[in-house]
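Report on the structure
Residue strings, one per chain:
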Amino acid sequence: MSVLKRVQQWATFARIWHLYDAAWQNPFYSAELLKKYLMGAHKPIYHPMNDCGDHVIVINSSDIALPGDEWKKRVYFHHTGYPGGASWTLAWELHKKDPTLVLKKAVYNSMDGNLQRRYTMERLHIFPDANVPSNLLSNISNQIKQLRPKPKRLDEYTEKEIQEFPKLIDLPKNHILR
Amino acid sequence: MVFTTVINFVRARGPDEIWRKRRIFKLAAHFIGRRRNCYSIAVRNVHRALVYATKGRKLKREDMANLWETRVRAGCEQHNISYESFREGLARCNILLNRRTLADLACWEPYSFKSLTDIAKRRTLDDGLAGINADKYLDRIITRGSLNTEK
Amino acid sequence: MALFLKRFCSQFKNLQLNTSNTLLRNIQAISLIPSIQNYSNTPTPFEVVDTEEDNKAKNQILNKVNSLVADKTHGRLFAVVHVTGKQFKITDGDVIVIEGYWPPDVGDKITLDKVLMAGSADFTLIGRPIVEKGLVRVQATVIEKTLSHTKTHFRKKRRKQYMRINFYRVPQTYLRINEISFQDEINNPKEVRGLETAIFS
């Protein structure tokens, strides 16, 4: 193989590390997005036997947003295997115990239940906040776009942006805002 | 003395039994355990294997079509167009490439695939189909209505 | 308009060009879908077309491609060809298998006429649906005519005493693609072209 072709082959089959910010995102929709990258289905060379999946680092998983009243209603079932070992845990309780589990289970359950699933899940790295170990951070070369935009609080806007924002009317100076 | 009744108790199973069973054992050579050595077990499993082989031919075609579609979707996503818009745009331009060819082009001819996505984007924009936002880049795709003209 | 699309449709010559230099033309976006009533206040989309610049760009691309074709400096060509209902992406030296009944015999030199797409590393011709006949010549030779391995069509319904077995072999034709080449200039059709392979009886 010539040098150029070798480089092309290496670049095509290289494993890429992606970053995804899960703050304010729906974990179930995010799961559909992330599973594509984990399986390698975002590449035209995709094949289940090809081992073309990429790594995905998810940050801020403690800030995920479940729709409606799912925090109160969604239950996760676990059985230890021993008699009387069944337990039903609500989403908010599980999130309190381990803030990465809700998203992890969402990704796991969105995948096909075949033998490759556990190996594919090994490539997903979830962190509850933005503290990622530096050896993983240095691998990242792509950021996956969020599904819904993360809203900014008023105090997160700079003075300049607030002043430049288009106004309908100018309130009189002695007007009191409640 | 001639014993005429004893002969009736002999059960002759037919002279061709060995060859008949050999046909089954040949197909069961790679099975596990008694399935490859004992006839009554082997014959059941050989029948299952043949049924699976017959049904599998159809499934293989479906699986390949699915794989091609996944690959084309991945290619479309890289070029910011949805698969449905892509297929619709190409069909409206009378470009009749099938899934297999599109997948092969996406893998091996990336520039040609990009030009196909550009054509589909231009056509969806011209026709007013949903899913494509008018982008400044799309102005560079010169078709000047040639995609719409029918001879 | 600095950069243009390098690839283009082979039916480029079907452009409706006006004699005036600049042209204001409505894109028939809305009139193509007559059933939709548009009540919005947004103006109908239009684009300003400068025919001179258009022609200049078009000729620039065509000249580049034609020079590559004339000098044969394009390199290896690939083609997407349609045979017996299937599409094959082929290049020089490929061997393809055609399943089913296909009359050509061993040693016959075949020209595959239905070319859906042809191209090189620098340009591609996309046919709508086929590239102009006679422009791309795909020559192939039939190297082998055999039957496939024996396939078994076995049906069984359990517990119903229904079992059928059929053996079949599909005739196969192996085709070696000898060469793919452009015969002529792009966008400049000769009066009689593509009739070399026609059979007149």
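The coordinates are above.
Okay, so let's go over this structure. Only a predicted model underlies this, so the values are computations on that prediction, with no experimental measurement involved. Along each chain, residue indices are assigned from 1 in the same order as the chain's sequence is written. Whichever chain is written first is A, and whichever ligand is written first is 1; the rest continue in order. Where totals are concerned, whole chains, interfaces and linings use all residues; where local detail is concerned, this predicted model gives features only for residues with pLDDT of at least 70, and gives and counts side-chain atom pairs only at 80 or more.

**Thoughts on the overall build of chain B**
Helical segments are the DSSP runs of H or I of at least four residues, strand segments are the runs of E of at least two, and each set is numbered from the N terminus. A tally of regular secondary structure across chain B gives five helices and zero strands. Taken from the N to the C terminus, the helices and strands of chain B come in the order α-α-α-α-α. The buried share of chain B, reckoned over its 151 residues, is 26%. A separation threshold of at least 6 residues defines the contact pool for chain B, and within that pool the share at least 24 residues apart is 52%. Once C-beta atoms are placed from the backbone, each residue is buried if 20 or more other C-beta atoms lie within 10 Å of its own, exposed if 12 or fewer, and partly exposed for counts between those two. Residue pairs are scored as contacts if the distance between their C-beta atoms, which are placed from the backbone, is within 7 Å.

**Some details on the environment of R100(B)**
Within the secondary structure layout, R100(B) lies in helix α4 (residues 99-108). Overall, R100(B) belongs to the partly exposed group, with 19 C-beta atoms counted inside 10 Å. For the pair R100(B) and A65(B), spaced 35 residues apart in the sequence, the C-alpha separation amounts to 7.3 Å. With residues near it in sequence (within four places) discarded, R100(B) still touches W68(B) and Q87(C).

**Points about the sheet that holds strand β6 (residues 140-143) of chain A**
The strands making up a sheet associate through hydrogen bonds between their backbones, and the pairing can be parallel or antiparallel. Residue and element names in this part refer to chain A. Only strands that DSSP links by at least two bridges are regarded as paired with each other. Spatially, the four strands line up as an open sheet ordered β5-β2-β1-β6, and their pairing is parallel. Both outer strands of the open sheet, β5 (124-126) and β6, are each paired with one neighbouring strand and no more. Averaged over all neighbouring strand pairs, the angle between strand axes comes to 25°, with direction disregarded. Relative to β5, strand β2 (residues 55-59) runs parallel, the two being bridged by three bridges. Across the sheet, residue V56 finds its bridge partner in β5, namely L124. Under this scheme, a helix contributes an axis fitted over its contacting stretch, all axes are lines through C-alpha atoms, and angles between N-to-C directions fall in the 0 to 180 degree range. The sheet contacts of helix α2 (residues 27-39) involve β1 (17-21), β2 and β5, and relative to β2 the element is tilted by about 150°.

**Quick notes on the sheet that holds strand β13 (residues 171-182) of chain C**
Residue and element names in this part refer to chain C. Spatial ordering of the open sheet is given by β6-β13-β10-β7, a layout of four strands whose pairing is antiparallel. Of all strands in the sheet, those with a lone pairing partner are β6 (95-99) and β7 (109-111), marking the two edges. Ignoring which end each strand starts from, the neighbouring axes of this sheet average 35° apart. Direction of pairing for β7 relative to strand β10 (residues 136-147): antiparallel, over a ladder of three bridges. Counterpart to K109 in the pairing with β10 is T141.

**Details of the pairing of strand β4 (residues 78-83) of chain C**
All names here are of chain C. Of all the six residues making up β4, five are buried; the element is thus mostly covered by neighbouring parts of the structure. Examined bridge by bridge, β4 and strand β5 (residues 86-91) share six bridges and lie antiparallel to one another. Residue pairing in the sheet places V80 in a bridge with K89 of β5. Taking the residues that link successive antiparallel strands as the turn, the β4-β5 hairpin has two residues, and the phi of T84 there is positive, at about 40°. Where β4 and strand β8 (residues 115-119) come together, four bridges link them in antiparallel fashion. What sits directly across from A79, in β8, is A118.

**Observations regarding unusual backbone geometry**
Of note, the bond from R128(C) into P129(C) is cis; its omega dihedral lies within 30 degrees of zero at -15°. Its place among the elements puts P129(C) in the loop between β9 (124-126) and β10. Phi at W24(A) takes a positive value of approximately 65°, unusual for a residue other than glycine. For W24(A), the position within the fold is in the loop between β1 and α2. A positive phi angle, close to 40°, is found at T84(C), a residue other than glycine. In this fold, T84(C) is placed in the loop between β4 and β5. Classification of T84(C) by C-beta neighbours within 10 Å gives exposed; the count is 10.

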